[in-house]
Amino acid sequence: MAHADPIVARDQHIRSAILGVIVLYAAIVLMVTDRPVVIGSRALVLPGASIPVSAAPKGYVEALDQYGVHLPKQGHAPALAERAPLTVERLRFGYSIVETSILGAPYWYRKDDGYVVYYETLREYVYAPVTDDYMRKVGLPGPKPLSRQSFAWWEHVWGWVFPLALAGWGLFEIGAARRRREAEGLI
């Protein structure tokens, strides 16, 4: 009786499509992510404006290599790999964050060191935290003030798509149950 109702049959097709999309999303995230699979955090640098190496003060890159923070790229290279030789094509401004992920999808991030000048190799980021005063004293060209830069923050919160999809599926199921009871004549 209720199975013969076209609304109930349509709900069954919609249910199958929603479940298929959710399973496909979860499988793709787990296969292609370089984030912690269960739950975890990782530090990284969001890229900003580029600085020509020739515009940096003489010896700046070498000083950055010796005294800067060496942040390994987690999930990108083997942990026992040797440090890459110093071959810097460009310096960049960036923003240092710690990203938290669950099941391979990022949910939120927080400031780590904030604004930085960095270069990257295949295995690591090498950076130094900067302020507008620091840039003026060292003579680094770039965006002034630093807060004029924008970063792609949405790349670090897209994991919310999954719980929102599950909530949407739950709301659909509530409506589908109501429509099924109507088709059976219970309401």
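For the structure given in this document, a descriptive report is provided here. Source: prediction; values computed, not measured.

Conventions we followed
- Residues numbered from 1 in each chain as written.
- Predicted model: local features only at pLDDT ≥ 70, side-chain atom pairs only at ≥ 80, totals over all residues.
- Heavy atoms only, no water.
- Pairing = 2+ DSSP bridges.
- Helix = DSSP H or I, 4+ residues; strand = E, 2+ residues; numbered from the N terminus.
- Axes fitted to C-alpha atoms, helices over the stretch in contact; angles between N-to-C directions.

### Observations concerning the pairing of strand β4 (residues 105-120)
Both faces of the sheet carry side chains from a regular strand, because those side chains alternate between them. Bridge count between strand β3 (residues 91-102) and β4: 11 bridges; the pairing is antiparallel. The residue of β4 that forms the bridge with E99 is Y109. The turn joining β3 and β4, which pair antiparallel and follow one another in sequence, is formed by two residues; a positive phi near 55° is taken by L103. The sheet contact formed by β4 and strand β5 (residues 124-129) spans five bridges and is antiparallel. Across the sheet, the residue bridging to Y118 is Y127, located in β5. Hairpin connection from β4 to β5: three residues lie between these consecutive antiparallel strands.

### Side note on the sheet that holds β4
Strand pairing in a sheet takes place through backbone hydrogen bonds and is either antiparallel or parallel in direction. Pairing in this open sheet of five strands is antiparallel, and the strands run β1-β3-β4-β5-β2 from one edge to the other. The outermost strands of the open sheet, each flanked by one partner alone, are β1 (39-51) and β2 (69-72). Strand after strand, the sheet turns through a mean of 35° between neighbouring axes, direction not considered. In this structure, β1 lies alongside β3, joined through 11 bridges in antiparallel fashion. In the sheet register, I39 faces β3, and the bridge partner there is I102.

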